[in-house]
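Results of the structural survey
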Amino acid sequence: MDPHPDFAAVDLPRECDLPPFRLTRLSMAEIDEDYAAVMRSAPVLQGLWGDWPKGLTREDDLIDLAWHDREFTLRRSFSWVVRDNEGTYVGCAYLFPEPGARGRAEVVTWLCDTPDRKARLDALRAVLADWFGNILPPGIALRWTYPD
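Residues numbered from 1 in each chain as written. Predicted model: local features only at pLDDT ≥ 70, side-chain atom pairs only at ≥ 80, totals over all residues. Heavy atoms only, no water.

Points about the overall build of the protein
The criterion, for reference: By the criteria applied, helices consist of DSSP H or I runs no shorter than four residues and strands consist of E runs no shorter than two, each listed in order from the N terminus. As a reference, a globule follows 2.2 Å times the number of residues to the power 0.38, and the radius of gyration itself is taken over C-alpha atoms. Relative accessibility decides the category of a residue: with a 1.4 Å probe and only protein chains considered, values under 20% of the type maximum give buried, values over 50% give exposed, and everything between is partly exposed. Only heavy atoms matter for contacts: two residues are in contact if any of them lie within 4.5 Å across the pair. Per-residue accessibility takes into account occlusion by the displayed protein chains alone, with areas from the Shrake-Rupley method and a 1.4 Å probe. The positive count covers Lys and Arg only, the negative count covers Asp and Glu only, and His and the chain ends enter neither. Charged groups are reduced to one reference atom each: NZ for lysine, CZ for arginine, CG for aspartic acid, CD for glutamic acid.
Secondary structure assignment for the protein yields four helices and six strands. Reading the protein from its N terminus to its C terminus gives the helix and strand order β-β-α-α-α-β-β-β-α-β. For the protein, the C-alpha radius of gyration of 15 Å lies close to 15 Å, the compact-globule estimate for 148 residues. Taking the principal axes of its C-alpha atoms as reference, the protein extends roughly 35 × 30 × 25 Å. The burial tally for the protein puts 48% of its 148 residues in the buried class. For the protein, contacts bridging at least 24 residues in sequence account for 62% of all contacts bridging at least 6. When the accessible surface of the protein is split by element, carbon and sulfur atoms take 52% of a total near 7600 Å². Looking at charge distribution, the protein has the averaged site of its 17 positive side-chain charges lying 3 Å from that of its 25 negative ones.

What follows is the structure, encoded as structure tokens:
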């Protein structure tokens, strides 16, 4: 599979410190943390991608993580684990270039269900907007999606 044309010559970082968050590439190595976080946050995630994660098994999640990892390698989409200052897995951030189109991408973020989740989502969106503004090719319009 070919990379998305907007990202064919772009090496997006696999890891990045964006205080108060740290991003690390989402891969199969995080299966236990990812599955626990997704299941713990199922009420927040419901409706983000259809009825996912309803009925999600650990094996299904492992397949999803392998897909995310492969897509990153192919430069077709990009997924990161979001960690807090203590290194705790608190959610995910995704960059999905629009298939079949140039100059557009969707940013999807979610954070585990905590009382301060909405404020942390706003903080995450702010640091990601700055970061993407510095690392993405010029002219990429971003559409932001995250569960309320």
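Points about the pairing of strand E5 (residues 104–111)
Spelled out, the test is: We call two strands paired when DSSP finds no fewer than two bridges between them. Crossover handedness is defined here as right-handed if the route from the first strand over the helix to the second strand goes clockwise, with the strands pointing away from the viewer.
Of all eight residues making up E5, seven are buried, and the element is well covered by its neighbours. Relative to E5, strand E4 (residues 89–97) is paired through seven bridges, and the arrangement is antiparallel. Within E5, the position partnered with Gly-91 by the bridge is Leu-111. Turn length for the E4-E5 hairpin, with the two strands adjacent in sequence and antiparallel, is six residues, and the turn residue Gly-100 shows positive phi of about 75 degrees. Pairing of E5 with strand E6 (residues 141–145), which is carried by five bridges, proceeds in the parallel orientation. The residue bridging Glu-106 from the neighbouring strand is Arg-143, located in E6. Running through helix H4 (residues 117–135), the crossover from E5 to the neighbouring parallel element E6 is right-handed.

Concerning unusual backbone geometry
Backbone torsion omega between Pro-19 and Pro-20 reads 10 degrees, so that peptide bond is classified as cis. Mapped onto the elements, Pro-20 comes out in the loop between strand E1 (15–18) and strand E2 (21–25). Between Trp-52 and the following residue, Pro-53, the backbone shows a cis peptide bond with an omega angle of 15 degrees. Counting through the fold element by element, Pro-53 comes out in the loop between helix H2 (42–45) and helix H3 (58–74). Although it is not a glycine, Arg-75 sits at a positive phi angle of roughly 65 degrees. If you trace the backbone, Arg-75 turns up in the loop between H3 and strand E3 (78–83). Owing to a relative accessible area of 23%, Arg-75 belongs among the partly exposed residues under this scheme.

Some words on the pairing of E4
Put simply, side chains in a regular strand alternate between the two faces of the sheet. With nine of nine residues buried, E4 lies mostly within the body of the structure. Summarising the sheet, E3 and E4 pair through six bridges and their orientation is antiparallel. Following the sheet pairing, Phe-78 is matched in E4 by Leu-95. The antiparallel hairpin formed by E3 and E4 contains five residues in its connecting segment, where Gly-87 sits at a positive phi of about 90 degrees.

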